[in-house]
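Single-letter residue listing:
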Amino acid sequence: MLRVKYVTVAVDDLIVVRDASLSIGTGEIHIMMGPNGAGKSSLLKAIMGISGYKVIKGSILLNGKDITDLKPHERAKLGIALAHQNPPKVRVKSRYILTKLMELYHKGKTDEYLRELIKEFNVEHLLDRELYSGFSGGEIKRFELLTAILQKPRVCLLDEPDSGVDIDTIRKLATIISRLVNDGTSVLLVTHVGHIVKYLSRADVLYVMVNGRIIYRGDVSIIPRLLERGYQILTEL
Amino acid sequence: MDWKEILKEIARKALNKKAPYGIDIDLSKYSWEVSENVDIDSLKALPKPLLERSKAMGVDVDEKSVSGTYLQLDTNVLRTYITEKFKNYGVHVMSVEDAIKKFDWVRNYYWKAIPVDLDKYTAITELYGRHGYFIYVPPGVKVREPLQACLFIHREGTAQAVHNIIVVDEDAELNLMTACTALPTKAIHIGVSEFYIKRNAKLTFTMVHYWGPTHHVRPRATAIVEEGGLFINYYIHMAPVRSLQMFPTAILKGANAQAYLTTILVGSRDAHIDVGGRIVFKGVDTRGEISSRSLIRDSAHVTMRGELIGETQSRGHIDCKGLLLSPKSVGEAIPVLKSINESAELTHEAAIGRISRDELEYLMSKGFTEEEAVSLIVRGFLEVGIERLPPQLRKYVGNVLDMITRYAKG
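In this text, all values refer to a predicted model and were calculated from it rather than measured experimentally.

> Summarise the overall build of chain A; cite the residues concerned and give the values.
Within chain A one finds 7 helices and 12 strands. For 237 residues, the compact-globule formula gives about 18 Å, and the C-alpha radius of gyration of chain A, at 17 Å, lands near that figure. In terms of principal-axis extent, the alpha carbons of chain A reach across some 50 × 40 × 30 Å. Residues counted as buried form 56% of the 237 residues belonging to chain A. In chain A, once contacts between residues fewer than 6 apart in sequence are set aside, the share between residues at least 24 apart is 67%. Surface summary for chain A: the accessible area is close to 10,400 Å², and the carbon and sulfur share equals 47%. On chain A, the mean spot of the 34 positive side-chain charges and the mean spot of the 27 negative ones are 3 Å from each other.

Here it is in C-alpha cells:
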C-alpha cells in the first residue's frame with residue numbers, strides 16, 4: 001500500500017530524516033517510536049507533502065504510484081490522511097469544517113452518517129467553537145482522528161494520538177483505529193508512550209527512529225521493555 | 001404648536017450636528033426633492049436593473065413565500081401588501097406618514113426610541129425625509145413567513161431618508177427582511193428605524209445592503225425590548241460602499257429580554273466603514289450578544305465597535321473579528337464594557353488578522369486545494385449568528401454569504 005524508499009527529509013537546510021524506508025501493507029498497523037526530536041513527525045509530514053518538509057532524496061509510493069512530488073491535497077485525494085499532532089487553530093467553526101469534509105468525501109451521504117460519528121467521537125460540544133480554539137488535548141486528538149476518518153483514508157498517518165490524553169480516551173481511540181484497520185486502512189502510528197498499542201486489535205511492525213534514522217525495524221513485543229528501560233535496550237539487541 | 005411642529009423645531013436646531021463616528025457628509029449635495037411619481041405597483045414591474053438587483057439580494061419578487069411587502073423607490077411608496085390572512089389578524093403594513101394620519105396612537109412611537117436631534121441625519125430625516133415603513137403586529141399574532149421591505153434608490157443624486165417604525169405587540173412575532181440598494185452614481189441613504197418589542201414578543205430583523213462604491217449610508221436604529229422579548233438583528237453588507245456608519249442600540253428594558261446583534265460585511269476599495277452595536281441591560285436577567293465579522297480588502301478601513309452597558313444583573317458578550325485580505329486594508333475593533341452593577345457579567349473577544357500559512361497548509365492536508373482552503377476560511381469565517389435566524393431565512397442568508405465570499409476574494 002505505502003512504500004517509503006530511502007527518504008531523506010530537510011527542513012530549510014537541516015536534515016531531519018535520513019534514508020528512511022518502510023513498507024506498510026493493506027490493513028496493517030505499523031508503530032513508530034523514538035525520543036523527542038528524532039524526526040518521526042517530520043517523516044509523517046513529508047509523506048503528507050506538507051510544505052517545508054522537503055524530500056531531497058528517495059521516493060514515496062502509494063500502491064506503486066510515485067507521489068513524492070504531489071501536493072498535499074492531491075495526496076489526500078488519493079487516500080492519505082494525516083491526524084496532526086499539534087494542528088493549528090483555524091478561524092472557522094468546527095461544524096463548518098466537518099460539513100465541508102462531508103461535501104468533499106461523502107457526496108450524497110446523509111447527515112445521519114456525520115451525526116453518528118460526531119456522537120461516537122463525543123465532539124458535539126465543540127461544533128460551535130472555532131476549530132481547536134480552547135480544545136483540550138484529548139478533544140484535539142478525537143477531532144483530528146474524526147477529520148482523518150472523514151477522508152475515507154487508505155493510509156492513515158497518526159501523529160501521537162495518545163499523547164496527553166486520559167486512559168479512557170486512549171482505549172476509545174484504539175477501538176476506532178482497530179475498526180479502521182479491519183476495514184482495510186493501513187496505519188502508521190507515531191507514539192511516544194506506546195500505551196495505545198496494547199489496546200489495538202493488531203500491531204504488525206515497530207520502527208524506532210533516533211536522530212533522523214530508523215535504527216530498529218521489528219516485532220512490537222519489545223515495546224514493554226522499551227517503556228520500562230528506555231531506548232538504550234536497542235543497543236543490547 | 002402641535003407635536004409635529006415641536007419635533008421639527010428640535011430637528012432644525014440639530015441640522016449641523018455631526019455624528020460622533022464616521023466621515024461627515026455634506027447633505028446639501030443631494031436632491032431632497034420628491035421624485036416623480038412612477039406607475040409601478042409590483043416588484044416585477046421594476047426597471048430591469050433593479051429587478052435583477054432585487055433578485056440578487058433575495059427579494060421574493062413573486063411574493064409567493066412572503067407575508068407582505070413594502071416597496072419604496074426614492075421618495076415614493078409603490079406598494080404595500082399584506083396577505084389576507086394577516087390582514088384579517090390586524091397586521092398593518094403602510095407608509096409611516098399614512099400611519100400617523102390613520103392612527104393617533106402611532107405618535108407614541110414616533111421618535112420615542114431615538115431622539116430626533118441625535119445627529120444631522122436624524123434631524124434631516126424628520127425635516128426632509130419621506131415615508132419609511134410602519135409595521136404593526138397585534139398581540140399573539142405570529143408572522144413567521146418573511147415580510148419584506150425594499151428601499152431602493154433609482155434617481156441620480158437622491159437622498160433617501162426614511163423613518164421606519166415597527167411595533168410587535170405582546171406575544172407576537174415578526175420576521176422582517178429588508179433589502180436596500182441604489183443604482184445611480186450618486187446617492188445617500190438614511191434609514192431611521194425604531195423597534196418596539198413588547199412583552200414576550202419576538203422580532204427577527206434581517207437587513208441586506210447592496211450599495212455602490214460612491215454611496216453613503218447612515219442607518220440609525222434603536223430597539224426597545226420589554227419583558228421576555230427577543231430582538232434578533234442580522235445585518236449583511238455585501239458590496240462596495242463609499243462610507244457606512246451605524247451604531248444600532250438595543251435597550252433591554254424588561255426582565256429576561258434578549259438581543260443579538262450580528263453584523264457581517266465586506267469592506268472594499270476605499271470604503272470607510274464604522275459599524276457596531278450597543279446593548280443596554282436594564283431589566284434583570286437580560287442577555288445579549290454583539291457579533292461582527294468583517295472581510296476587509298483593498299484599501300478599505302473598517303472599524304467594528306461594540307458597547308455593553310450593564311445596569312443590572314445581566315449577561316452580555318461582544319465578539320468582533322476581522323479578516324484582512326489585502327496588504328493595505330485596515331481593521332479596528334473597539335469593544336467597550338461598562339458595568340454599573342456588580343452582577344452584570346460582561347465579556348468580550350476581538351481579533352483581527354490575516355489568513356495564516358499554517359491554516360492553509362492544514363486544510364490542504366485535509367484535501368482542499370489552496371484556492372478551496374482560502375474560500376473555506378473566508379466563507380466559514382462569516383458563519384455567525386445564522387443559527388438564530390428563522391429556518392426560512394437560513395438558506396437565503398447562506399447564498400448571500402457565498403456571494404460575499406466570492407466578492408471578497410475578488
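> Residue-level account of the sheet that holds strand 20 (residues 344-354) of chain B, with values.
All names here are of chain B. Strand order in the open sheet formed by 10 strands is 2-1-5-7-9-11-14-16-18-20, and the pairing between neighbours is mixed. Unpaired on one side and paired on the other, strand 2 (76-82) and strand 20 mark the two borders of the sheet. Neighbour-to-neighbour, the strand axes of the sheet open up by a mean angle of 5 degrees, direction not taken into account. Pairing geometry for strand 1 (residues 68-73) and strand 5 (residues 142-153), over 6 bridges, is parallel. Paired with Thr 69 across the two strands is Gln 148, which belongs to strand 5. Packing against the sheet, helix 2 (residues 48-56) makes contact with strand 1, strand 5, strand 7 (173-182) and strand 9 (202-210), and its axis sits at approximately 135 degrees to strand 7. Packed onto the sheet, helix 7 (residues 370-381) meets strand 16 (286-296) and strand 18 (314-324) and runs at close to 150 degrees relative to strand 18.

> Can you lay out the interface of chain B and chain A for me, pointing to particular residues and giving the numbers?
Contacts between the two partners involve 26 residues from chain B, matched on the other side by 30 residues from chain A. The junction of chain B with chain A conceals about 2,100 Å² of combined surface from both sides, 60% of it contributed by carbon and sulfur atoms. Together, Tyr362(B), Ser365(B) and Lys366(B) form the three largest contributors to the area buried by chain B at its contact with chain A, with a combined 30%. In this structure, Arg91(A) engages Glu359(B) in a salt bridge whose closest nitrogen and oxygen atoms are separated by 3.0 Å. The interface formed by chain B and chain A contains 14 residue pairs in polar contact (both at pLDDT 80 or more). Elements that contribute at least two residues to the side of chain B that touches chain A include exactly strand 18, strand 20, helix 6 (357-365) and helix 7 of chain B. With 7 residues, the single largest contributor to the side of chain B that touches chain A is helix 6 of chain B. In terms of residue class, the side of chain B that touches chain A is made up of 10 nonpolar, 6 polar and 10 charged.

> Could you give me a rundown of the pattern of salt bridges, with the residues and numbers involved?
Residue and element names in this part refer to chain A. Applying the stated criterion across every chain, the model contains 36 salt bridges over all chains. Notably, a salt bridge pairs Glu 103 with Lys 100, separated by 3.1 Å at the nearest N-O pair. On the criterion of helical spacing, the pair formed by Glu 103 and Lys 100 is a turn pair, its members being 3 residues apart in helix 3 (residues 94-105).

> Explain the pairing of strand 6 (residues 158-168) of chain B to me, using residue names and the numbers behind them.
Residues and elements named next belong to chain B. With respect to burial, strand 6 is a largely interior element, 11 of its 11 residues being buried. Residues Thr 158, Gln 160, Val 162, Asn 164, Ile 166 and Val 168 of strand 6 are buried on one face, and the alternating residues Ala 159, Ala 161, His 163, Ile 165 and Val 167, pointing to the opposite face, are buried as well. Sheet analysis places strand 4 (residues 133-137) next to strand 6, joined by 4 bridges and oriented parallel. Paired with Ile 135 across the two strands is Ile 166, which belongs to strand 6. The pairing of strand 6 with strand 8 (residues 187-197) spans 11 bridges and is parallel. Across the sheet, Val 167 pairs through a bridge with Tyr 196, a residue of strand 8.

Cut-offs applied
- Per-chain numbering applies: the sequence of each chain, read as written, is numbered from 1 onward.
- Chain letters and ligand numbers both follow the written order, the letters beginning at A and the numbers at 1.
- Restriction of local features to residues with pLDDT of at least 70 applies here, the model being predicted, together with a cutoff of 80 or more for giving and counting side-chain atom pairs; totals for whole chains, interfaces and linings are based on all residues.
- Note that water and hydrogens are dropped before the side-chain values are worked out from all heavy atoms of the structure.
- Strands here are runs of E lasting at least two residues and helices are runs of H or I lasting at least four, both read from the DSSP assignment and numbered beginning at the N terminus.
- With C-alpha atoms as the basis for the radius of gyration, the globule rule is written as 2.2 Å multiplied by the number of residues raised to the power 0.38.
- Any residue under 20% of the maximum accessible area for its type is buried, any over 50% is exposed, and the rest in between are partly exposed; the area is computed with a 1.4 Å probe on protein chains only.
- Contact definition: two residues touch when any of their heavy atoms are within 4.5 Å.
- Using a 1.4 Å probe, the Shrake-Rupley method yields the accessible areas, and only the shown protein chains count as cover for residues.
- As used throughout, the charge tally considers Lys and Arg to be positive and Asp and Glu to be negative, leaving His and the chain termini uncounted.
- By convention, the point assigned to a charge is CZ for Arg, NZ for Lys, CD for Glu and CG for Asp.
- Pairing between strands requires that DSSP locate at least two bridges from one strand to the other.
- Note on geometry: axes are lines fitted to C-alpha atoms, helical ones only across the stretch in contact, with angles between N-to-C directions running from 0 to 180 degrees.
- By convention, the term buried area covers the 1.4 Å-probe accessible surface removed from two parts as they join, with the contributions of both added.
- Any Lys or Arg side-chain nitrogen located within 4 Å of an Asp or Glu carboxyl oxygen qualifies as a salt bridge.
- Under this definition, polar contacts are N or O atom pairs within 3.5 Å; protein pairs additionally need one hydrogen-donor-capable and one acceptor-capable atom, and for neighbouring residues in sequence, both atoms have to be side-chain atoms.
- Residues are grouped as follows: Ala, Val, Leu, Ile, Met, Phe, Trp, Tyr, Cys and Pro are nonpolar; Asp, Glu, Lys and Arg are charged; all remaining types, including Gly, are polar.

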